[in-house]
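Chain residues, written in single-letter form:
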Amino acid sequence: TATRRSTTVIVNLSEYYGEHPKRERLYRFATLGGTIYLAGGQQVFQVDNNSLVPTQMLCETGRESGTIPYIIGRIPARDLVVHNDRMFYVLDETMDFATDFEVDTSDPYVYNMGQVQTNGMIRYTTNMYMFSDPYEPNHVKFYSGFTVDDDGAEVVGLAPWNSGLLVLTNKSSWFLSGDSTDTWAQTKLSGYSGCVATGSIASVGNQVWWLDTYNIWYADPSEGIQQVPNIAKFLRKYVDWTPPRLA
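My aim in this report is to walk through the structure given alongside it, one point at a time. (Residues numbered from 1 in each chain as written. Predicted model: local features only at pLDDT ≥ 70, side-chain atom pairs only at ≥ 80, totals over all residues. Heavy atoms only, no water.)

Digging into the pattern of salt bridges
So, step 1. If you walk through the whole model with that rule in mind, you get nine salt bridges.
So, step 2. Between Glu93 and Arg74 there is a salt bridge; the shortest N-O distance is 3.6 Å. Pair noted here: Glu93 is in the loop between strand 9 (86-91) and strand 10 (95-99) and Arg74 is in the loop between strand 7 (71-72) and strand 8 (77-83), with a separation of 19 residues, a long-range link.
So, step 3. Of the residues examined, Glu93 reaches a relative accessible area of 16% and is grouped as buried.
So, step 4. Relative accessible area serves as the criterion here: at 27%, Arg74 is assigned to the partly exposed category.
So, step 5. Among the charged side chains, a network of salt bridges with common partners joins Glu64, Asp133 and Lys141. (Salt bridge = Lys/Arg side-chain N within 4 Å of Asp/Glu carboxyl O. Helix = DSSP H or I, 4+ residues; strand = E, 2+ residues; numbered from the N terminus. Buried < 20%, exposed > 50% of the residue type's maximum accessible area, 1.4 Å probe, protein only.)

In structure tokens, the structure reads:
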């Protein structure tokens, strides 16, 4: 549902674009440059400022093309947030992206040779998150991403926090500090405070809260990563933790 002045438009995105083929996802929203964007699992949509109708966002050639290759096509994003005037994306699946021209493997920007496939495609995996050019969510350079190196962990979601970006995997929590590409630095905050679902991430004041399988966690600028005490015992009154039996 989107409202602009006296006009309200309601669109069933699942009816027009379908659910994610593997599992249902909640749509995640972000606003950049006055435009609303939403992640729908298989792709990212942008909402037209006049008609309020969502359309598929496709990555395309950016302003530095010809010097630096840009990825082309859809982004299968499970989450998206704005940080430092750029759109950050969490992938819902491993994706091989085409680029607007061939990547030279001797290029100094190629810091991860494993990203460049033999067919020239650029691979982003689920333990990575990517970012766009400033104010241009559909312009993503081929190397514009971070890898979370944590024994096969998958990035689940992101949240602006403490003047940086909180990065949550299914196993751990990380922090991206700095205010530009020249000063960004990624550090591990906790190895046992993973997030079970993107939709559980919520910002409350200067804190960020989320769920893991058995606990609730929060990040506080002064206290760091904290577990809500005794919450597992409380939740067991209402939640059946018994794993389902396979037929």
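Considerations on the sheet that holds strand 10
So, step 1. Here three strands make up an open sheet; going across it, the order is 7-10-11 and the pairing antiparallel. Unpaired on one side and paired on the other, strand 7 and strand 11 (122-124) mark the two borders of the sheet.
So, step 2. Inspection of the sheet shows strand 10 paired to strand 11 by three bridges, in the antiparallel sense. From the neighbouring strand, Met95 faces strand 11, where its bridge partner is Tyr124. (Pairing = 2+ DSSP bridges.)

Let's talk about the pairing of strand 8
Consecutive side chains of a regular strand alternate in pointing toward one face of the sheet and then the other.
So, step 1. Among the seven residues in strand 8, six count as buried, and that is most of the element.
So, step 2. In this sheet, strand 9 lies alongside strand 8 in antiparallel orientation, the contact comprising six bridges. In the sheet register, Val81 faces strand 9, and the bridge partner there is Phe88.
So, step 3. Where strand 8 folds back onto strand 9 in an antiparallel hairpin, the turn is made up of two residues, including Asn84, whose phi is positive at roughly 50 degrees.

Re the environment of Pro54
So, step 1. Assignment of secondary structure puts Pro54 in strand 6 (residues 54-57).
So, step 2. Judged by its relative accessible area of 7%, Pro54 falls in the buried class.
So, step 3. Here the alpha-carbon distance between Pro54 and Val44, two residues ten residues apart in the chain, equals 9.6 Å.

Focus: the side chain of Ser144
So, step 1. The topology assignment puts Ser144 in the loop between strand 12 (128-131) and strand 13 (145-147).
So, step 2. Leave out the neighbours within four places in its chain, and Ser144 touches Tyr124, Tyr129, Met130 and Phe131. (Contact = heavy atoms within 4.5 Å.)

Regarding the sheet that holds strand 13
So, step 1. The antiparallel open sheet is built from four strands, whose spatial order is 8-9-12-13. For this open sheet the edge positions go to strand 8 and strand 13, each flanked by a neighbour on one side alone. Strand-to-strand twist across the sheet, computed as the mean angle between neighbouring axes with direction ignored, equals 20 degrees.
So, step 2. Both strand 9 and strand 12 contribute to a ladder of three bridges, which runs antiparallel. Paired with Val90 across the bridge in strand 12 is Tyr129. (Axes fitted to C-alpha atoms, helices over the stretch in contact; angles between N-to-C directions.)

Regarding the nonpolar core
So, step 1. Ranked by size, the top nonpolar core spans 26 residues in total, and within it Ile75, Leu80, Tyr89 and Met130 carry the most contacts.
So, step 2. Of all elements in the fold, only strand 3 (28-32), strand 4 (35-39), strand 8, strand 9, strand 10, strand 11 and strand 12 reach the threshold of two or more residues within this core.
So, step 3. Looking at this core element by element, the count peaks at three residues for strand 9.
So, step 4. If sequence neighbours within four positions are ignored, Leu80 has contacts with Arg28, Phe29, Ala30, Tyr37, Leu38, Ala39, Val44, Met87, Phe88 and Tyr89.
So, step 5. The next biggest cluster of nonpolar side chains, apart from the first, holds 14 residues, and it includes Tyr129, Phe131, Leu158 and Leu176. (Core = buried A, V, L, I, M, F, W, Y, C linked by side-chain atoms within 4.5 Å.)

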